[in-house]
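Take a look at the letters that make up each chain.
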Amino acid sequence: MSVRKLCIAILLWLVLPAWAGLDIQHWTTPSGARVLFVQNHDLPMLDVSVGFAAGSARDGRERSGLAGLTRHVMTLGAGEWTEQEIAERLADVGASLSGFLDQDRAGFSLRTLSGERERRQALAVLKAVLSAPRFPDDVLAREKARAVAGLKEAATRPEYLGEKAFQAAIYGDHPYALPESGEIETVGALIRVDLLDFYQRHYRARDMTLAIMGDVDRETAERLAADLSADLPAGEAPPPLPPVPMPTAGGEQVIPHHATQSHLFIGQPGLTRDDPDYFPLLVGNYVLGGGSFDSRLVKEIRQKRGLSYSAYSHFAPLRERGPFLMGLQTRREATGEALEVTRETLRAFLREGPGEAELAQARNNLVGSFPLRLDSNRKILDHLAMIGFYGLPLDWLDTYTTRVEAVTAEAVASAFRARIRPEAMSTVIVGGQLDPAGR
Amino acid sequence: MRTWMAGLALLIGLAAGGATAATTERALANGMKVIVKTDHRAPVVVSQVWYRAGSMDESYGETGVAHVLEHMMFKGTADVPAGEFSRRIAAAGGRENAFTSRDHTAYFQTLQKDRLELAFQLEADRMANLVLDGDEFAKEIQVVMEERRLRTEDNPQALLYENLMAAAYQTHPYRHPVIGWMDDLRQMTVEDARRWYARWYAPNNATLVVVGDVAPERVFELAERHFGALPARDLTPRKAPGEPRGVGARQVTVKAPAELPAVLLAWQAPRLADPARDWQPYALEVLAGVLDGHASARLPRSLVKERRLAVDVGAGYDPVSRGPGLFLMSATPAEGQPVEAVVAALKAEIERIGRDGVDGLELARVKAQVLSSQVFRLDSLFYQAMQIGEWETAGLGHRAIDQRYAGLREVTAEQVREVARTYFNDDRLTLAVLDPLPLPEGKPKAPAPAPAMGGNHVR
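What you are looking at is a predicted structure, and each value in this text was computed from that prediction instead of being measured.

Q: How should the overall build of chain A be read in this particular structure?
A: The secondary structure content of chain A amounts to 16 helices and eleven strands. When the backbone C-alpha atoms are referred to their principal axes, chain A occupies close to 60 × 60 × 35 Å. Counting the 439 residues in chain A, one finds 64% classified as buried. A fraction of 81% describes how many contacts in chain A between residues 6 or more apart in sequence connect residues 24 or more apart. Accessible surface, chain A: about 16,100 Å² in total, of which carbon and sulfur atoms supply 53%. Seen as two clouds, the 49 positive and the 56 negative side-chain charges of chain A have centres 2 Å apart.

Here's what the structure looks like:
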């Protein structure tokens, strides 16, 4: 342990007497997958998460929805098993396999009892899904129809319409503009070869991050990691995503809708996962709109004026700049007022920066709630998967609270002023037009 | 099958003796019950105060008041001004919120373990000293109406569910939505909230549930210190409204702007009353598992995958409630499939089980889910506390939770067949159909996004 690390450890011990630190073990499998492992025998269960750089940013505009459909259909027939057999083999041992997808990342989470029989059977299914998906034509046709039905239904919903338009507005030609679930036309046009090809290019062992949490010993963890990553596609690494350009001009878009409420989306590209200003922006955003009832947006919009049930701002960091978004929903006749209050709240925050009391409150909450981020196997697993995928330092969690503590009002103010440009923001309003019924 | 499950049950027992362990219980002199479950995996504690008062305790004209009061509970006491409750919990690194259901209203905080006393201090204060200011009420009722617009008015599936409940229950207050009818919210006054608070917010109508890395004796001591002095009050005697047995199938139609139709079916079903002796509720839970407990269960296999009648299906039954229960089924018909055909197919699955029963493998599969869920639930402090609170407020007691798992393991194929025959005739059925209307003026030209195929399944 270096002197610096030791100091941090002592500091952490003082701040959080009960925090013993997380012993993250780390290695690379023979086929090149990165593994993060935390051993814990309190409960007889095991969680495994596998992630790939196979998110919707890899779709291509013509095949929007491909990443999501590929990931989904991988579980519906693999190796020697049909979709029914896969589902039965998991159910027989009480295991659950779920998937996840965002712009950057796609993958699977497996939760199983840790007894040898259950564990082996569940992991064998995951291995088949990862290394030998079949993409059966009839299953694909059915799942495309279901996806299209879902897309059609979603197109009636203000929140989906707004999120999609917002994403398109702030990202323009960048692949982050593509909606994760695709478009009706593009999903409808996908064929088996598209999925197979996407799988071959993006589910490579060298791009795989494995997070393992729970009731296995190191040797077993090593064996299962090696096995899961053994038979994945090889091939060339896909090119990195282009950086997200910062917009130079903003815009406002109104999407007419019949709903009783207007949904507002205001924002711009925000920050990357490894952004040097991550902590000032995290702490600052707590004050602006991330800190629930502590935040200025909730106070202004909800507490003072009763305009909305929910009002928030958030940064969603990605490999490249993820979105910064402020949002709320309000009765349509209050749309203008809510929009103005939101914009003024942001302007005031950029002008003044956080007050000392606000900043102390934000730091206290983020530091004090740190153990709550790691109080279950599931939460630890998700952190391991995130740290592994984005290649963050293994002491990222260990240094979290000291880095929050170190944030000053000046750091917040300058980070916000450097990033957040009200004049270049996009605004999307779904609804908000005059109600013909006069309600 | 039995052997390995018994072995695993033993394993769970052993694990429970380690990091997670005993549940202890104490009653304060004023009648408030305190239940503590230790879980030493993380230096964290969850504290929940459960009031046995939910929307089922409301009368006509005041629907939604239980939930409005829940919002008002954050609006200040003499010592702790409006907003200060949340601020102090947040300053201590806590997370907090509250929820209202048909049966209860509960308030919770999650904190580092050494900060539990703050939660007790604040909860005890607002149990007795809430101010209920008229101006705060006037703003908050607007927020609640926005919440109703967001969750119900603009959501056709939620409207369908609301209408199903209003039809499936003819007399029991479960027919009212928890958030309340919009007209009742419009007319609600701060006086309604004050009456509700005076009627139900007393230590003898509350249960404190604490789960986490704590020493039970210390928790009891703190509970005594903060809640012990609050006086018990005479509670309005409760009536137990019933629900007459159905005398013929009911149907409601909801017309709302939407793309896809949807159906919900609800059959009158028993609630769990005697966890040690009842078997029908457990058999109904297993039946729900056989129908929809996993991706290879009967409904998704038959209706979605093989016959492609529906894009989504579901079945569910919750035996733990204060009022009369329902067994629910749902489906979203696939494009071009008539609603009638989908309803007939759902009913046919029940009839098939009533006729042919379920096979041993299917039964074992559902029991494997039960067993793993018994372990997996221990991963969440919050969920463990939830389960205790729900069983307590339902009048079953937290000790019966383990009886449920035992009861589920005992269910036989014949019992599943019997409940499929007993509870699913049309006289007990209410059917709700969502009839999609074209989107009114203002429909955007280009269709847009969707529920992701990734994390969220098409639904």
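Alright, that's what it looks like, and here's the rest.
Q: What is the right way to read helix α12 (residues 335-352) of chain A from this model?
A: Spacing of three or four residues puts side chains on the same side of an α-helix, whose turn is 3.6 residues. Residues and elements named next belong to chain A. Under the 1.5 Å per step criterion, the end-to-end length of α12 is 26 Å for 18 residues, consistent within 8% with the ideal 26 Å. Those residues of α12 that fall on the buried side of the exposure criterion are Thr335, Ala338, Leu339, Val341, Thr342, Thr345, Leu346, Ala348, Phe349 and Leu350. Looking one or two residues beyond α12, the residue adopting positive phi is Gly353, at roughly 70 degrees.

Q: Teacher, can you tell me more about the packing of helix α3 (residues 83-92) of chain A against helix α13 (residues 360-376) of chain B here?
A: The description of two packed helices rests on the angle between their axes and on the distance between the axes. Between α3(A) and α13(B), whose axes approach to 8 Å, the crossing angle comes to 55 degrees. By the criterion of interaxial angle, the relationship of α3(A) to α13(B) is oblique. For the pair α3(A) and α13(B), the contacting residues are Glu88(A), Ala91(A) and Asp92(A) in the first and Arg365(B), Ala368(B) and Gln369(B) in the second. Looking at the contact of α3(A) with α13(B), its residues break down into two nonpolar, one polar and three charged.

Q: Just checking my understanding: could you explain the nonpolar core for this structure?
A: Burial of nonpolar side chains together is a common tendency in soluble globular proteins. Residues Trp396(A), Leu397(A), Phe416(A) and Ile420(A) are the most contacted members of the largest nonpolar core, which totals 76 residues. Split by domain, the residues of this core number at least three in each of domain 1 (23-230) and domain 2 (251-431) of chain A. The contacts of Ile420(A), once residues within four sequence positions are left out, are Gln268(A), Phe315(A), Phe324(A), Leu346(A), Leu350(A) and Met425(A). Formed by 65 residues, the second largest nonpolar core is a distinct cluster that contains Val313(B), Val320(B), Ala385(B) and Phe424(B).

Q: Can you help me understand the side chain of Glu349(B) in this one?
A: All names here are of chain B. Mapped onto the secondary structure, Glu349 falls in helix α12 (residues 339-356). Glu349 sits in the buried class, given a relative accessible area of 2%. Here the side chain of Glu349 touches Arg352 through a polar contact of 3.0 Å, side chain to side chain. Glu349 has contacts with Leu291, Arg298, Leu299, Ser302, Leu303 and Arg307, leaving out every residue within four places of it along the chain.

Q: What am I meant to see in the sheet that holds strand β8 (residues 261-269) of chain A here?
A: Through backbone hydrogen bonds, the strands of a sheet pair up, either in parallel or in antiparallel fashion. Residue and element names in this part refer to chain A. The strand order across the open sheet built from five strands is β7-β11-β8-β10-β9, with neighbouring strands paired in mixed fashion. Unpaired on one side and paired on the other, β7 (251-255) and β9 (311-315) mark the two borders of the sheet. Direction aside, neighbouring strands of the sheet carry axes that sit 15 degrees apart on average. The pairing of β9 with strand β10 (residues 323-331) spans five bridges and is classified as antiparallel. Directly across from Tyr312, in β10, lies its bridge partner Gly327. Together, β9 and β10 form the strand contacts of helix α11 (residues 296-303), whose direction differs from that of β9 by roughly 160 degrees.

Q: So what exactly am I meant to see when it comes to the pattern of salt bridges here?
A: Pairs may arise between side chains of opposite charge once their charged atoms sit close together. All names here are of chain A. All told, the structure shown has 66 salt bridges over all chains when counted by the stated rule. Among the ionic pairs, Arg343 bridges to Glu252, the shortest N-O distance being 3.1 Å. Of this pair, Arg343 sits in helix α12 while Glu252 sits in strand β7, and the two are 91 residues apart along the sequence. Classification of Arg343 as partly exposed rests on a relative accessible area of 24%. We classify Glu252 as partly exposed; its relative accessible area is 49%.

Q: Looking at this model, I keep getting lost on the domain arrangement of chain A. Mind explaining?
A: One frequently used descriptor of interface size is the decrease in accessible area upon assembly of the parts. All names here are of chain A. By domain assignment, chain A separates into domain 1 (23-230) and domain 2 (251-431). The straight-line distance from the C-alpha centre of domain 1 to that of domain 2 is 28 Å. If you look at the interface, domain 1 gives 34 residues, while domain 2 gives 35 residues. With both chains or domains summed, domain 1 and domain 2 bury close to 2,900 Å², and 71% of this area falls on carbon and sulfur atoms. The tally of links between domain 1 and domain 2 comes to one salt bridge. Residue Arg378 pairs with Asp47 through a salt bridge whose shortest N-O separation is 3.8 Å. Put simply, domain 1 and domain 2 have six residue pairs in polar contact (both at pLDDT 80 or more) between them. At the level of elements, β2 (34-39), β3 (45-52), α6 (158-171) and β6 (209-214) are the ones that each hand at least two residues to the side of domain 1 that touches domain 2.

Q: Where do I start with the packing of helix α13 (residues 356-368) of chain A against helix α15 (residues 396-405) of chain A in this structure?
A: Residues and elements named next belong to chain A. Look at α13 against α15: their axes get within 9 Å of each other, and the N-to-C directions meet at 170 degrees. Classified by the angle their axes make, α13 and α15 are roughly antiparallel. For the pair α13 and α15, contact is made by Arg363, Leu366 and Val367 and by Tyr400, Thr401, Val404 and Glu405, respectively. Looking at the contact of α13 with α15, its residues break down into four nonpolar, one polar and two charged.

Q: How do you make sense of the interface of chain B and chain A when you look at a structure like this?
A: Facing 78 residues of chain B, the contacting portion of chain A comprises 86 residues. In total, chain B and chain A occlude about 7,200 Å² of area from one another, counting both sides; carbon and sulfur atoms represent 60% of this. Where chain B packs against chain A, one counts seven salt bridges. Residue Arg365(B) pairs with Glu88(A) through a salt bridge whose shortest N-O separation is 3.7 Å. For the pair chain B and chain A, the number of links is 27 residue pairs in polar contact (both at pLDDT 80 or more).

Q: I keep staring at the environment of Leu97(A) and nothing clicks. Help me out?
A: Residues and elements named next belong to chain A. By secondary structure assignment, the location of Leu97 is in strand β4 (residues 96-101). Remark: the alpha-carbon pair of Leu97 and Leu196, spanning 99 residues in sequence, is separated by 21 Å. Apart from the residues within four sequence positions on either side, Leu97 is in contact with Thr75, Leu90, Phe108, Ser109, Leu110, Leu126 and Val129.

Q: Looking at this structure, I do not really get the domain arrangement of chain B. What am I missing?
A: Residue and element names in this part refer to chain B. Domain parsing of chain B yields domain 1 (22-227) and domain 2 (250-451). Placing the centre of domain 1 and that of domain 2 at their C-alpha centroids yields a distance of 28 Å. Buried surface at the junction of domain 1 and domain 2, both sides included, amounts to about 3,300 Å², of which 67% is carbon and sulfur. Considering only the side of domain 1, the residues that lose the most area to domain 2 are Arg52, Leu160 and Leu164, jointly responsible for 19% of the buried surface there. Taken together, domain 1 and domain 2 are joined by four salt bridges. A salt bridge links Lys33 to Glu392; the shortest N-O distance between them is 2.7 Å. Here domain 1 is connected to domain 2 by 15 residue pairs in polar contact (both at pLDDT 80 or more). Looking at the side of domain 1 that touches domain 2, the elements with two or more residues in it are β1 (20-27), β2 (33-39), β3 (44-51), α6 (156-168) and β6 (206-212). Of all the elements, α6 adds the most residues to the side of domain 1 that touches domain 2, at ten residues. Class assignment for the residues of the side of domain 1 that touches domain 2 results in 21 nonpolar, ten polar and eight charged.

Calculation notes
- Residues numbered from 1 in each chain as written.
- Chains lettered and ligands numbered in written order.
- Predicted model: local features only at pLDDT ≥ 70, side-chain atom pairs only at ≥ 80, totals over all residues.
- Heavy atoms only, no water.
- Helix = DSSP H or I, 4+ residues; strand = E, 2+ residues; numbered from the N terminus.
- Buried < 20%, exposed > 50% of the residue type's maximum accessible area, 1.4 Å probe, protein only.
- Contact = heavy atoms within 4.5 Å.
- Areas by Shrake-Rupley, 256 points an atom, 1.4 Å probe, with all protein chains shown as cover.
- Lys, Arg positive; Asp, Glu negative; His and termini not counted.
- Charge placed at Lys NZ, Arg CZ, Asp CG, Glu CD.
- Expected span 1.5 Å × (residues − 1).
- Axes fitted to C-alpha atoms, helices over the stretch in contact; angles between N-to-C directions.
- Parallel < 35°, antiparallel > 145°, perpendicular 65-115°, else oblique.
- Nonpolar A, V, L, I, M, F, W, Y, C, P; charged D, E, K, R; others polar.
- Core = buried A, V, L, I, M, F, W, Y, C linked by side-chain atoms within 4.5 Å.
- Domains from an automatic or database assignment.
- Polar contact = N/O pair within 3.5 Å; in protein donor to acceptor, adjacent residues only side chain to side chain.
- Pairing = 2+ DSSP bridges.
- Salt bridge = Lys/Arg side-chain N within 4 Å of Asp/Glu carboxyl O.
- Buried area = accessible area lost by both parts, 1.4 Å probe.

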